[in-house]
Amino acid sequence: MAQIATLFGGSGFVGSYIARRLTAQGWEVRIASRKPDASPIKGTAGIVPVACNINDDDTVRAAMDGAEAVVNCVGTFDKAGDNGFQAIQNQGAGRIARIAAELAMPRLVHLSAIGADPNAATLYGQSKGQGEAAILSSFPKAVILRPSVIFGPEDQFFNRFAAMSRFNPVLPVVGAATKFQPVYVDNVAEAAERAVIGEAAPGLYELGGPEAKSFHDLMELMLNVLGRKRLIVNIPFPIAHLMGVGMELGQTVTAGLLPAQITQDQVKSLKSDNVVSPGAQTLETLGITPTPILDILPSYLR
C-alpha cells in the first residue's frame, strides 16, 4: 500500500513539482487546497485532490488523517484579511503543525522564505518568522526550507519582467543593487522530497542557487537570453514607496479589481539582500547540487 503525503498548497508553483517527485517515488499525494480541482497535475496517477481551508481545524485534520508526512507550501502576498499574512503564514502554518503533532505525524516539511524573522522589517517577513516559531513550538522536528526567489517555467519573477520588457523600451526596477540568489524550483522540490522520505535531518535550510546577483544583473541576464536591448532604470526607494502607497490605495478603492503592482511592504523587502546566510544549512547539505540559472532560463523564456 502506498504511503500518503498531504501537500497543502499542492496546486501552486512549487507544490506541483513536489507532488510530481513524490508520486514518482510511489507515494499517494493528497493535494489539499480550497480549489483542489485547479491543480495543474489533476488526473496524474497518485494525485488525490482534497478540499481544505487551512483556516479551519476540521478540514486540515481530515486532509492529514492517515498520512505519513505533511508538506506546507501555502503562502500569500496579501497583507490582510482571511487570506492575509497572519491568517495564512502564521496562524495557518501553526494550525497545520499543531494538528500534525496531535495526529502523531512522522514528518512535517514547511516552505518558508529567506529573511523570515518575527522581528523583520516587513510584515511578510514577520509573518513567515512567526509561522516558523509556531511550527517549531508544536513540531520541533520539522524541516523548514527557506528559499531565495524561485525560478522555473511557471515562475512569477523572470516571466513577469520578461512580459514587462516585451514592448516597453525601459525596464523599471526597485532596488537594482539588492542581491538575490535564485534557486531552481525542482531543486526546492527535491529538498522537500528528501525531507519527506527521511533523508533530511530536522532543522532550517536556506536554499539558493550557485549565483548571487544584483537585481540589475539578473534583469540584464534575462534580457540577454531574450535578445532584447532595454534600458534598466532603478526607481529610488522614496519614489517606490509613494508608488506603493498609491497602488495599495487604488487596490482598496477598486475592491481588488486594480491589484497593486508593488506594495509598501515589498519596497521595504527590496532594501535587503535575499541570499543564503553564512554558515546556514543549504542544498549542498542535503546532497543537492544547485542548478545554474542559464541551465534552465533559456528553455522557457525563449
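The structure this text deals with has already been given above.
Model, not experiment: these values are computed from the prediction.

The rules behind these values
Residues numbered from 1 in each chain as written. Predicted model: local features only at pLDDT ≥ 70, side-chain atom pairs only at ≥ 80, totals over all residues. Heavy atoms only, no water. Salt bridge = Lys/Arg side-chain N within 4 Å of Asp/Glu carboxyl O. Helix = DSSP H or I, 4+ residues; strand = E, 2+ residues; numbered from the N terminus. Buried < 20%, exposed > 50% of the residue type's maximum accessible area, 1.4 Å probe, protein only. Disulfide = S-S within 2.5 Å. Pairing = 2+ DSSP bridges. Axes fitted to C-alpha atoms, helices over the stretch in contact; angles between N-to-C directions. Contact = heavy atoms within 4.5 Å. Patch = residues over 30% accessible without salt bridge, like charges linked within 9 Å, V, L, I, M, F, W, Y side chains within 5 Å. Areas by Shrake-Rupley, 256 points an atom, 1.4 Å probe, with all protein chains shown as cover. Expected span 1.5 Å × (residues − 1). Parallel < 35°, antiparallel > 145°, perpendicular 65-115°, else oblique. Left-handed = near helix turned anticlockwise from the far one by under 90°. Phe/Tyr/Trp six-rings, centres within 6.5 Å; stacked < 30°, edge-to-face > 60°. Lys NZ or Arg CZ within 6 Å of the ring centre and 35° of its normal.

Caption draft 1: Looking closely at the pattern of salt bridges. A complete count under the given rule lists 11 salt bridges for this structure. Where D57 meets R98, a salt bridge forms, and the shortest distance between an N and an O atom there is 3.0 Å. With D57 in helix α2 (residues 57–64) and R98 in helix α3 (residues 85–102), this pair connects stretches of sequence that are 41 residues apart. For R98, the salt bridge identified is with E102, shortest N-O distance 3.4 Å. Here R98 and its partner E102 are both found in helix α3, 4 residues apart, which amounts to about one turn of the helix. The partly exposed category is assigned to E102, whose relative accessible area is 46%.

Caption draft 2: Region of the structure containing the state of the cysteines. The tally for this structure, following the rule as stated, stands at 0 disulfides. Its sulfur unpaired, C52 is 13 Å from the next cysteine sulfur, which belongs to C73. By relative accessible area, which is 6% here, C52 ends up buried. The class for C73 is buried, based on a relative accessible area of 14%.

Caption draft 3: Quick look at the sheet that holds strand β1 (residues 4–8). If you trace the 7 strands from one edge of the open sheet to the other, you get β3-β2-β1-β4-β5-β6-β11, paired in parallel fashion. Either end of the sheet is taken by a strand with one partner, and the two such strands are β3 (47–51) and β11 (203–207). Going from strand to strand, the sheet's axes swing by 20° on average, the running direction of each strand aside. Where β1 lies against strand β2 (residues 28–33), 5 bridges are found, and the strand directions are parallel. Pairing of F8 across the sheet is with A32, part of β2. Relative to the sheet, helix α6 (residues 185–196) contacts β4 (69–72), β5 (107–111), β6 (143–147) and β11, its axis offset from that of β5 by approximately 160°.

Caption draft 4: Fine view of a nonpolar patch on the surface. A cluster of nonpolar side chains, contributed by V170, L231 and V233, occupies part of the molecular surface with about 210 Å² of accessible area. Tracing the backbone shows V170 in strand β8 (residues 170–174). Classification of V170 by relative accessible area gives partly exposed; the value is 30%.

Caption draft 5: Geometry of helix α1 (residues 13–24). For α1, built from 12 residues, the straight-helix expectation of 16 Å at 1.5 Å per residue is met to within 8% by its first-to-last C-alpha distance of 18 Å. For α1, the full list of buried residues reads V14, G15, S16, Y17, I18, A19, L22 and T23. Backbone geometry just downstream of α1 places G26 in the positive-phi region, at approximately 95°.

Caption draft 6: The packing of α2 against α3, seen in detail. The geometry of α2 relative to α3 is characterised by a closest axis approach of 10 Å and an angle of 50° between their N-to-C directions. In terms of their interaxial angle, α2 and α3 are classed as oblique. Handedness of the α2/α3 crossing: right-handed. Contacts between α2 and α3 pair D57, V60, R61 and M64 from the former with R95, I96, R98, I99, A100 and E102 from the latter.

Caption draft 7: The packing of aromatic side chains, seen in detail. Taken as a whole and assessed by the stated rule, the structure comprises 11 aromatic pairs. For the ring pair F157 and F180, a centre distance of 6.0 Å and an interplane angle of 50° mean the geometry is tilted. Highlighted residues: F157 in the loop between β7 (150–151) and α5 (158–164) and F180 in strand β9 (residues 179–180), separated in sequence by 23 residues. What links up through ring pairs into an aromatic cluster is the set F151, F157, F158, F161, F180, Y184 and F215. A cation sits over an aromatic face here: R20 above Y17, 5.3 Å from the ring centre. Here R160 stacks its cationic end above the ring of F161, 5.8 Å away from the centre of that ring.

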